[in-house]
Amino acid sequence: MTDTTDILSINNVYKVFGEQPDTAMQMLQNGAHKDEIFEKTGQTVGVFDASFSVKKGEIFVIMGLSGSGKSTMVRLLNRLIEPTSGSIKLNGKDITALGDADLLDVRRHEMSMVFQSFALMPHMSVIDNAAFGLEISGVEKKERHKRAQAALDQVGLGEHGDSYPHQLSGGMQQRVGLARALANDPTILLMDEAFSALDPLIRHEMQGELIRLQKEQSRTIVFISHDLDEAIRIGDRIAIMEGGQVVQIGTPEEIMRNPANEYVETFFKGVDVSKILKAGDIACQQSACKIQLNGSVHPFDAGGNQFAYLVDDKESLLGVVPLESIDNQASADTLLAQQLDQHASVYSDDMISDVVKTVAHSDYPVPVIERNGTFCGVISKDLMLKTLSH
Ligand SMILES: Nc1ncnc2c1ncn2[C@@H]1O[C@H](COP(=O)(O)OP(=O)(O)OP(=O)(O)O)[C@@H](O)[C@H]1O
Ligand SMILES: [Mg+2]
């Protein structure tokens, strides 16, 4: 679960590649475009005025076309690339001001990176590969093997410690890369296209694995991808980069509903909305007749609805009542007696794609409830159709 604490904050960060960053910075301040700067000075603007923050426990995805600055951005976070200007704070500590020793410490303990290429040592066993980061940090052998074994267990490779990389499939090798990062128990995992080289099935499996790790261990993960499906599936929030700039940040749903510009819109064109929206996102868009049974029931307003939804004094859903034979003065007992024997319901965090069938087969708008039973609204067939044809 994410909380609202910002763990990493990036403020007005710039990166200019080349010998004369000052000239390029000056031109940027005067409104020049990165292409113009490159033509006139040969300097490449990698990242331009990036500001955002990452919350504790979230998967924050950075997405954009090739060359938009994603890798540069993530490498700036742990200063594998030095920013030309701006500040990067981890738990309030300014990373940009750290000396070499402290910076090394941050890379070892606070921000571990997983790359696209597996970068395993061929002559080292799987467990030694997983323990490699710890070895560099000077952790003694027994302890580092213990931690590496725990990390291998976490990624489902607990039995393969004695194997060598060439004996593993690509997906398994990437898990070793992930285990190596996890063995450091970092505050933040940085993952640059970490799953892009995997075939689709294994990739899907690894995405699931990552979501599980995040949920179970509240990992904070900054994940780079140029794949929208991947970004939507794993991202709590997505930052979209275009030409070195962060042009929009939001949940997949927020971005889809309100794309900041044409570039973002193009990205999201053709996206299956049923895989972005959750039942709770649309339930509130429909009026429903909710009747609270707290002792005496006051006359209720059916509002043209054919069904009413009974809730208790804590707003928990009790049942669904057809209204045709009930007048609006009915007592609580009458309402309870007339409710359907059984009713379907879906959870507010269910994906629309997973509730389509339930809604299609239901004779009444399907009630949507929170995991704790609280009634949030309903989804009718009509609303479902409108949503899917959006
Ligand atoms: N070391 C470097 N020297 C000069 N220019 C660089 C360097 N690294 C990156 N760039 C430039 O900075 C821009 C952003 O590159 P970056 O690698 O961050 O893009 P990306 O979004 O990660 O792309 P991809 O999806 O292809 O990995 C590009 O124009 C690239 O050519
Ligand atoms: Mg890249």
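Preceding this section is the structure that the text describes.
Residues numbered from 1 in each chain as written. Chains lettered and ligands numbered in written order. Predicted model: local features only at pLDDT ≥ 70, side-chain atom pairs only at ≥ 80, totals over all residues. Heavy atoms only, no water.

Caption draft 1: Seen up close, the pattern of salt bridges. Scanning the model with the defined rule gives 19 salt bridges in all. Here arginine 257 makes a salt bridge to glutamate 253, at a shortest N to O gap of 2.6 Å. Highlighted residues: arginine 257 and glutamate 253, both in helix H11 (residues 252-257), separated by 4 residues, approximately one helical turn. Put simply, glutamate 315 and lysine 290 hold a salt bridge, and the shortest N to O gap is 2.7 Å. Taken as a pair, glutamate 315 in the loop between strand E12 (307-311) and strand E13 (317-322) and lysine 290 in strand E11 (residues 289-292) lie far apart in primary sequence, 25 residues in all. Relative accessible area serves as the criterion here: at 40%, lysine 290 is assigned to the partly exposed category. Several salt bridges converge on common partners, so that one network encompasses Arg175, Glu205, Glu209, Arg212 and Glu216. (Salt bridge = Lys/Arg side-chain N within 4 Å of Asp/Glu carboxyl O. Helix = DSSP H or I, 4+ residues; strand = E, 2+ residues; numbered from the N terminus. Buried < 20%, exposed > 50% of the residue type's maximum accessible area, 1.4 Å probe, protein only.)

Caption draft 2: View of the site of ligand 1. In the vicinity of ligand 1 lie 13 residues, with Ser66, Gly67, Lys70, Ser71 and Thr72 positioned nearest. In the environment of ligand 1, an oxygen atom lies 2.8 Å from a nitrogen or oxygen atom belonging to the backbone of glycine 67. One of the side-chain N or O atoms of serine 71 is found 2.9 Å from an oxygen atom in ligand 1. Coverage of ligand 1 by the protein amounts to 60% of the 640 Å² it exposes when considered alone. Looking at the shell around ligand 1, the elements with two or more residues in it are strand E2 (44-55) and helix H3 (70-77). (Near = heavy atom within 4 Å. Polar contact = N/O pair within 3.5 Å; in protein donor to acceptor, adjacent residues only side chain to side chain. Areas by Shrake-Rupley, 256 points an atom, 1.4 Å probe, with all protein chains shown as cover.)

Caption draft 3: Structural view of the nonpolar core. Grouped together as the largest cluster of nonpolar side chains are 62 residues, with contacts concentrated most on Leu178, Met191, Leu210, Phe223, Ile240, Phe268 and Ile379. Per-element accounting of this core gives the leading share, 6 residues, to helix H8 (residues 170-183). Counting contributing residues per domain, this core is built from domain 1 (6-110 + 186-271) and domain 2 (279-388), each supplying no fewer than three. Ranked by size, the runner-up nonpolar core spans 30 residues in total, among them Ile10, Ile88, Val222 and Val246. (Core = buried A, V, L, I, M, F, W, Y, C linked by side-chain atoms within 4.5 Å. Domains from an automatic or database assignment.)

Remember, this is a structural readout, not a statement about activity or role.
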